[in-house]
Each structure stands twice: as C-alpha cells, then as structure tokens.
Amino acid sequence: MEISGLKIAHRGVFDNKEIPENSLSAFRKARALGIPIEFDVQLTKDNIIIVFHDISLKRMCNINNYVQDYTYEELKKLHLLNTSEHIPTLDEVLRLIKGQVLLDVELKQTSNYKNLCNLLLKQLKDYPGKVLLKSFHPSIVRYLKKNQTYPIGLLLTDYPASKFYSYFISSSFLIRYCNPDFIAVNKKIIKKKRLQKWRTKKSLFVWTICDNQEFQLFFPYADSYLCNNLPYKK
C-alpha cells in the first residue's frame with residue numbers, strides 16, 4: 001500500500017460547532033470529499049471499541065469522568081458538544097465508510113493493550129478498505145507489527161517536562177525497537193535532523209497542520225500530512 005503523498009483529515013472534517021470531531025457527521029463529510037480519515041479508538045468498560053480521542057469526557061461531553069469507566073450503553077446516551085451526534089463505535093464507522101476512503105486509526109493507551117489490538121484486528125478482518133494503524137505506545141506498535149500486515153506507524157512528540165524522555169521516546173534505539181512502517185511526528189519537532197534522516201527508510205507523517213499556509217511550510221519535511229480544516233483553498 002502506498003502511504004506517501006496523503007493529505008488526511010485529522011478526526012474527520014469538523015468544526016466542533018455543528019460538526020464535532022470524531023463523529024459520524026465528520027466522517028461522512030470527509031467521505032463525500034474523498035479525503036482519507038484519521039480517528040482515535042479506545043475501549044469502553046465492557047470492551048466495545050469506540051471512536052473518541054480524550055481519556056476524559058469533559059471536553060466533548062461536559063462530564064468530568066473517564067471514558068473507561070462507562071459501558072457503551074451509557075456512553076451512547078451522551079451528546080458530542082451539545083449536538084445530536086453521539087460517540088460512534090468502530091463498527092459504525094467501518095459500516096459508514098465501506099472502504100471508500102483510507103482509514104488512519106490511532107490506538108489509545110489502555111491497561112490491556114493486547115485486548116484492544118486483538119479486538120480491533122478481529123473487526124478489521126473482513127473490512128474491504130485500506131487501513132493504517134498507529135500509536136504513541138511502543139508496546140502497541142511492536143505487537144501490531146507481529147500480528148498483522150497493515151502499515152503500522154509510531155507517533156512522536158516532545159515532552160517539555162522531561163528533555164531526557166523527549167529524546168528517548170524519539171531516539172533511533174526506540175524507533176528500531178518498534179520498527180514502524182511510518183513515523184508520525186508533531187510539527188514542533190518534524191524539522192529535527194535526527195528525525196528527518198529516517199525519510200530515506202520510512203515515510204514521515206506530520207501532524208497537525210491547520211491551514212494551507214502551514215501545509216506549504218511543512219510540505220518539504222514530510223511525506224504525508226494529518227490536517228484540520230480540509231479541504232484547503234489554494
């Protein structure tokens with residue numbers, strides 16, 4: 001699968017007003033525009049894979065509790081940002097998209113990452129479309145690399161509270177340990193030489209681009225791009 005030259009809708013095409021991020025309406029709009037879609041998955045208390053970014057419900061549902069403490073039956077009663085949209089399941093998204101555009105799936109951290117990985121791979125088994133999988137967590141990346149054939153990515157960012165950890169988590173040692181097919185890097189550190197050198201071996205993604213001006217600025221430093229506010233006007 002070709003994984004370079006992609007411009008991917010980060011959490012769908014949304015405005016977080018009428019159309020919330022990671023919602024079926026955001027994915028429906030991206031599908032209509034023919035734009036690849038990025039979204040986040042995690043497990044509910046009863047092991048249902050849902051599409052939701054935060055570990056807390058506070059920002060998107062105005063409830064100051066953790067997602068993992070709720071069953072899906074409880075979560076589906078909630079609304080995203082006071083709209084009619086609910087938190088979708090992975091199954092709902094797969095049935096909506098039906099292989100019409102590429103899906104870029106980020107696996108969030110969980111206490112039982114193997115369970116999340118196995119359930120995800122089971123649901124994707126008969127899915128007809130193109131899929132990328134990625135995670136911030138080295139254990140998830142390594143596990144996926146050993147258990148499937150989708151392109152797997154390692155997400156990298158900086159951690160201002162710890163320079164040592166920031167360096168270690170994006171070091172050559174850790175990247176070799178994970179052996180991802182592509183590396184998705186925060187735009188704040190994408191220009192670093194030690195990361196740019198990997199472009200001779202692996203595709204480099206950059207996130208999150210917010211407008212056409214930023215796209216032009218970071219275009220030379222990456223092979224694919226996770227973007228908000230697509231499509232950009234020239």
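Computed from a predicted model, the values in this text were never measured in an experiment.

Draft legend 1. Representation of the nonpolar core in the model. Judged by nonpolar contacts, the single largest core of 57 residues is most densely connected at Phe-39, Ile-97, Leu-107 and Leu-133. Setting aside chain neighbours within four positions, we find Leu-107 in contact with Val-41, Leu-116, Cys-117, Leu-120, Leu-133, Lys-134, Ser-135, Ile-140 and Leu-144. Met-60, Tyr-72, Leu-75 and Ile-87 belong to the second-largest nonpolar core, a separate cluster that totals 12 residues.

Draft legend 2. Here's a closer look at the side chain of Glu-85. Along the chain, the position of Glu-85 falls in the loop between helix H3 (72–75) and helix H4 (90–97). Polar side-chain contacts of Glu-85 include one of 3.5 Å to the backbone nitrogen of Ser-25. Not counting residues up to four positions away in its chain, the partners in contact with Glu-85 are Pro-20, Ser-23, Leu-24, Ser-25, Leu-78, His-79 and Leu-80.

Draft legend 3. Region of interest: empty space enclosed by the protein. Summed over all chains, the structure comprises 1 cavity of 30 Å³ or more. In this structure, the largest cavity encloses a volume near 40 Å³. Residue composition of the lining of the largest cavity, by class: 4 nonpolar, 2 polar and 2 charged.

Draft legend 4. Representation of a nonpolar patch on the surface. A contiguous nonpolar patch, built from Phe-164, Tyr-165, Phe-168, Phe-173 and Tyr-177 and spanning about 570 Å² of accessible area, is present on the exposed surface. Contributing elements (two or more residues each) for the nonpolar patch: helix H7 (163–169) and helix H8 (172–178). Inspection of the secondary structure puts Phe-168 in helix H7.

Draft legend 5. How the structure looks around the layout of surface pockets. When its volume is computed, the largest pocket comes out at roughly 210 Å³. If you trace the largest pocket, you find 14 residues lining it, with Leu-43, Gln-68, Gln-109, Thr-110 and Ser-111 closest to the centre. Split by residue class, the lining of the largest pocket holds 4 nonpolar, 9 polar and 1 charged.

Draft legend 6. Structural context of the environment of Phe-215. Within the fold, Phe-215 resides in helix H10 (residues 212–218). Look past the residues within four positions of Phe-215 in its chain and what remains in contact with it is Lys-7, Ile-209, Tyr-225 and Tyr-232.

Criteria and thresholds
- Residues numbered from 1 in each chain as written.
- Predicted model: local features only at pLDDT ≥ 70, side-chain atom pairs only at ≥ 80, totals over all residues.
- Heavy atoms only, no water.
- Core = buried A, V, L, I, M, F, W, Y, C linked by side-chain atoms within 4.5 Å.
- Buried < 20%, exposed > 50% of the residue type's maximum accessible area, 1.4 Å probe, protein only.
- Contact = heavy atoms within 4.5 Å.
- Helix = DSSP H or I, 4+ residues; strand = E, 2+ residues; numbered from the N terminus.
- Polar contact = N/O pair within 3.5 Å; in protein donor to acceptor, adjacent residues only side chain to side chain.
- 1 Å grid on protein atoms, 1.4 Å probe; cavity = no way out; pocket = protein on both sides within 12 Å on 5 of 7 lines; lining within 4 Å.
- Points joined across faces, edges and corners; volume = space filled by probe spheres on them.
- Nonpolar A, V, L, I, M, F, W, Y, C, P; charged D, E, K, R; others polar.
- Patch = residues over 30% accessible without salt bridge, like charges linked within 9 Å, V, L, I, M, F, W, Y side chains within 5 Å.
- Areas by Shrake-Rupley, 256 points an atom, 1.4 Å probe, with all protein chains shown as cover.
- Salt bridge = Lys/Arg side-chain N within 4 Å of Asp/Glu carboxyl O.

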